[in-house]
Amino acid sequence: MKRLHINVKVQDLAASVAFYEGLFASKPTVLKPDYAKWMLDDPLVNFSINLSSNEGGVEHLGIQVETEKERNELFNRLDQIKGEQFKEGETVCCYAHSTKSWIADPQGIPWEIFQTHGASHVNRAPVASLNRHNGTCCAN
């Protein structure tokens, strides 16, 4: 199963959590001082927000996969697409251990393809990623 992923930068986490709890009629599945995530089944989406000192808005889009087979299929698709690509591999981001790769669409919007392997107690591990991310998927 594949799940759409949307990450939004916000300047007021508490107000944003309250808004999205109302919109989704659901509490976050993960809530940290700088991050919240909803794993929704209707619509099938992994929607996350992270606190940012910069302007708010869509940070990146992505597709979350459940299996290594799905991940490899999508990673292979990225290899066929023209665009700036970053093969991040194993990493920690958004309080999760993941394997991921990134590609920017023609407008420069980052797309993340990832498989999560478990929870982490830290938000991110520094990496060299697509320029827009300034070093991590969860950049402020």
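Counting from 1, residues in each chain are numbered in the order their sequence is written. For this predicted model, a pLDDT threshold of at least 70 governs which residues receive local features, and a threshold of 80 or more governs which side-chain atom pairs are given and counted, while totals over whole chains, interfaces and linings are taken from all residues. Side-chain measures were taken over the full set of non-hydrogen atoms in the model, leaving aside hydrogen atoms and water.

A. Here's a closer look at the sheet that holds strand S4 (residues 44-51). Strands were regarded as paired on the criterion that DSSP finds at least two bridges between them. A run of H or I in DSSP counts as a helix once it spans at least four residues, and a run of E counts as a strand once it spans at least two, with each numbered from the N terminus. The sheet built from eight strands is open, its strands ordered S2-S3-S4-S1-S5-S8-S7-S6 with mixed pairing. Only two strands of the sheet have a single partner each, and these edge strands are strand S2 (30-32) and strand S6 (85-93). Neighbour to neighbour, the strand axes of the sheet diverge by 20° on average, direction disregarded. Note that S6 and strand S7 (residues 96-104) share seven bridges and pair antiparallel. The residue of S7 that forms the bridge with Gly89 is Lys100. Sheet contacts for helix H1 (residues 13-24): strand S1 (2-10), S2, strand S3 (35-41) and S4; angle to S3, the most-contacted strand, approximately 10°. Between N-to-C directions, angles cover 0 to 180 degrees, with each direction set by a line fitted to C-alpha atoms, over the stretch in contact for helices. Here, two residues are considered to be in contact whenever any of their heavy atoms come within 4.5 Å of each other.

B. Up close: H1. Helix span, as expected, comes to 1.5 Å for every residue beyond the first. Between its first and last C-alpha atoms H1 spans 16 Å; for twelve residues at 1.5 Å apiece the expected length is 16 Å, and the two agree. If you follow the buried residues of H1, they end up packed against S1, S2, S3 and S4. Of the residues that open H1, the one with a side-chain oxygen 3.3 Å from the backbone nitrogen of Ala14 is Asp12. Immediately downstream of H1, the backbone of Ala25 shows phi near 50°, a positive value. Side-chain atoms alone can form a polar contact between residues adjacent in sequence; in general such a contact is a pair of N or O atoms within 3.5 Å, and within protein one must be able to donate a hydrogen while the other accepts it.

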